[in-house]
Every structure is written in structure tokens, then in C-alpha cells.
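Spelled out, the chains give:
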Amino acid sequence: MLKTGKLLRLRRLSLAGDDRHLLVPLDHSVSDGPIVPADKWDDLLRALVAGGADGIIVHKGRASALPPDILKNCALVVHLSASTARSADVHAKVLVADVEEALRLGADAVSVHVNIGSDTEAQQLADLGAVARSCDAWGMPLIAMVYPRGPRIEDPRDPALLAHLANVAADLGADMVKTSVALPIDRMAEVVANSPIPVLAAGGPPDGSDLVEYGAAVMATGCRGLAIGRRIFSAPSPAALVSRLAAVVHGVPGGNDITDDMHMTNYSTIVAGVA
């Protein structure tokens, strides 16, 4: 049985209590560089929360600097893995934090990145297993971000391959798996059907098409949520986009009007300059 602490934290990962999740990864500042100017960071977070994001994913340093009031209605996921775009091997993820640090920061979950097919796959799998042990000891939910990346991957959108990745995450102790979306999208249903744990779809459409329509199509395959970063935080109005995506994830007919439903008369000041 899951420990009480883990059950409570899993519940906080779904605002609607429907075990569906809209997560916004913001770990790109380590891999690629600044997401927004430093003085706009808190504004971005407030916009994401106002729009209805279930959780944000950040590294430990960002988590330690969060104003306490920002995440009253949003879960905190601390990302434990890192690499940069300037590395000799961009697919080689290393652990840069641990579960105990995440607990001290008030995290509701942790996440670990594993690239299957990379030259350092073996170490990344060992790291995932070690983090899973700590999560079990502390009652901390674990989101495994498992992707098909590296010189041994021929088709990163192959549903059979993605189903394998989901099972790797489940077998090594993850509570959820975040992975790429199969193409064509309807074949993502095969990945979901073969996964013992909830599947979160990573990113947006590779062709840059409408993100909300894409999200609806992905959710229709049985995925339990979306984890979208860049397409959200680079949008002209992140809060408005998050609101529409949250409606898709949680099945709200007609979507959410954040200015009416949340009475956000000062919405324009919250998102100004955030994109």
C-alpha cells in the first residue's frame, strides 16, 4: 500500500481531484538558459497558477527562492536531473539533487530524467532506481521523464518503443511517466494501454500546430495529463493558454474564462512582459 504521505502528495498534484494533471516544466533554464528576465520570474509563476496549472517543475535553487504565497493552489515538483545544451553529450543526465533536499523545500513530488538509447543509459537507470528507493522511504511521488534519445533510437515516436519506456519507468518504481507522444497521435492509446502507471504527454505538437487541439487529441487517447513548458512560457499570455489547457485536461466544457471564473481584473499586469 502507498504510504499516507505519498497519497496526500499525489492528491495535491491534481487540483480538481480527478487524478489528471497539467504540469508546466520550467527546468529549461539549466539546459538552455533563461526562460524570462529575472525580474519577470515571479510574474510568470503567478500567471501559471492563475491559469490553473496543477503543478510546476523547477530545480532546487528556484524552489528555494519561491515566495511562499505563490504556490497556495499549485503543486511543487523538484527536478533532480540536469544537463546543458553545451555538454559533450547533451543526452547524459546526472543527478544534481536528492529526495531529502526536495522534502526540505516542501516538494509535492520529484522528477528524474532518463534518456533511453543514450550512451549513459545505464547510469541514468541506476540513478532512477536509487531515487525510487528514497521516494519509497519518504513517501514522495516520483515522476520519471523517460525519452527515446540517443544514437540507438531510429524512430522516437514509435508506440512500441514508447510503451517499453513507460514500463521501464513503472518497473523501476515511478508513480507516473512523462514521455513523448506517438505519431500518429491516436496510437498513443497503445502506449497508455500497455503502461502500468499514468502517462503524461510531454511537450507540444512537433509541427507547431494548435496546442489546445493537440492537447485534446492527446487526452482522448487516455493520457492522464500534459506536461508542457516552452510552448506555455513563451506564449503572449501564459495564464490564458494554461486556462484553456487546464479545461482540456480536466474536462471542463467550453473551457475556462479566467477573467470571469477567477475575477482577475488585473490579469494584464500579471502577464505583461512574461513571454
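Refer to the structure presented above.
Numbering of residues starts from 1 in each chain and follows the order in which that chain's sequence is written. The predicted origin of the model limits local features to residues at a pLDDT of at least 70 and limits the giving and counting of side-chain atom pairs to 80 or more, whereas totals for whole chains, interfaces and linings rest on all residues. To obtain the side-chain values, all non-hydrogen atoms of the structure were included, while hydrogens and water were left out.

### Observations regarding the overall build of the protein
So the rule is basically this: Strands here are runs of E lasting at least two residues and helices are runs of H or I lasting at least four, both read from the DSSP assignment and numbered beginning at the N terminus. Each radius of gyration reported is based on C-alpha atoms, and the globular scaling rule is 2.2 Å times the count of residues to the power 0.38. Think of it in three bands: residues with accessible area under 20% of the maximum for their type are buried, residues over 50% are exposed, and the middle band is partly exposed, with areas taken using a 1.4 Å probe on protein chains only. Working rule for contacts: check all heavy atoms of both residues, and any pair within 4.5 Å makes them a contact.
For the protein, the helix and strand inventory stands at 13 helices and 10 strands. Against the compact-globule benchmark of 19 Å for 275 residues, the protein has a radius of gyration of 18 Å, which places it among compact chains. Over its C-alpha atoms, taken along the principal directions, the protein stretches across nearly 50 × 45 × 40 Å. Counting every position in the protein, which comprises 275 residues, the buried fraction comes to 53%. Long-range pairs, those at least 24 residues apart, make up 67% of the contacts in the protein with a sequence separation of at least 6.

### As for the environment of cysteine 135
Positionally, cysteine 135 belongs in helix H6 (residues 121-138). Judged by relative accessible area, which is 1%, cysteine 135 ranks as buried. C-alpha of cysteine 135 to C-alpha of threonine 120: the two residues are 15 residues apart in sequence and 23 Å apart in space. For cysteine 135, the contacting residues outside a window of four places in its chain are Lys6, Val99, Val110, Met140, Pro141 and Leu142.

### Observations regarding the nonpolar core
Basically, it comes down to this: By nonpolar core we mean a set of buried residues, namely Ala, Val, Leu, Ile, Met, Phe, Trp, Tyr and Cys, connected to one another through side-chain atoms within 4.5 Å.
The biggest cluster of nonpolar side chains holds 72 residues, and the ones touching the most others in it are Leu26, Leu48, Val110, Leu142, Leu226 and Leu245. Top element by residues in this core is helix H7 (residues 159-171). It accounts for 7 residues. Grouped together as the second largest cluster of nonpolar side chains are 14 residues, Ile57, Met145, Met176 and Ala227 included.

### Looking at the packing of helix H3 (residues 41-51) against helix H11 (residues 238-250)
Where we set the bar: Note on geometry: axes are lines fitted to C-alpha atoms, helical ones only across the stretch in contact, with angles between N-to-C directions running from 0 to 180 degrees. The labels follow the angle: roughly parallel below 35 degrees, roughly antiparallel above 145, roughly perpendicular from 65 to 115, and oblique for the rest. Left-handed describes a crossing whose near helix is turned anticlockwise from the far helix through less than a right angle; right-handed describes the clockwise counterpart. Gly is put with the polar residues, along with every residue not named as nonpolar or charged; the nonpolar set is Ala, Val, Leu, Ile, Met, Phe, Trp, Tyr, Cys and Pro, and the charged set is Asp, Glu, Lys and Arg.
Running from amino to carboxyl end, H3 crosses H11 at an angle of 30 degrees, the nearest separation of the two axes being 7 Å. The orientation of H3 relative to H11 falls into the category roughly parallel. Between H3 and H11 lies a crossing of right-handed hand. Seen from H3, the contacting residues are Leu44, Ala47, Leu48 and Gly51; seen from H11, they are Pro238, Ala239, Val242, Ser243 and Ala246. Classifying every residue of the contact of H3 with H11 by side-chain character gives 7 nonpolar, 2 polar and no charged.

### Remarks on the side chain of serine 83
Under the convention used in this document: Any N or O atom pair separated by 3.5 Å or less is treated as a polar contact, with the protein-specific requirement of one donor-capable and one acceptor-capable atom, and with residues adjacent in sequence counted only for side-chain atom pairs.
Mapping serine 83 onto the fold places it in the loop between strand S4 (81-82) and strand S5 (94-95). Here the side chain of serine 83 touches valine 90 through a polar contact of 3.2 Å, landing on its backbone oxygen. A distance of 2.9 Å separates polar atoms of two side chains, one belonging to serine 83 and the other to lysine 93. Ignoring anything within four residues of it in the chain, the contact list for serine 83 reads Val30, Ser31, Val90, Ala92 and Lys93.

### Digging into the pairing of strand S7 (residues 142-148)
Defined as follows: The pairing criterion for strands is at least two bridges between them, as found by DSSP. Looking down the strands as they point away from you, a crossover is right-handed if its path from the first strand over the helix to the second goes clockwise.
Among the 7 residues of S7, 7 are classified as buried, and the element is accordingly described as predominantly covered. A two-sided burial pattern is seen for S7, the buried positions comprising Leu142, Ala144, Val146 and Pro148 on one face and Ile143, Met145 and Tyr147 on the other. Pairing between strand S6 (residues 109-116) and S7: 7 bridges, direction parallel. Bridging from a neighbouring strand, histidine 113 pairs with methionine 145 of S7. Read from S6 through H6 to S7, the crossover connection turns out right-handed. Two strands pair when backbone bridges link them, and S7 and strand S8 (residues 176-179) are joined in this way by 3 bridges, in the parallel orientation. Residue pairing in the sheet places isoleucine 143 in a bridge with methionine 176 of S8. The β-α-β motif built from S7, the intervening H7 and the parallel element S8 has right-handed crossover chirality.

### Section: the environment of alanine 53
On the secondary structure map, alanine 53 appears in the loop between H3 and strand S2 (55-58). Spatially, the C-alpha atom of alanine 53 lies 8.1 Å from that of histidine 21, the residues being 32 residues apart in sequence. Leave out the neighbours within four places in its chain, and alanine 53 touches Leu15, Leu22, Val24, Leu48, Asn73, Cys74 and Val242.

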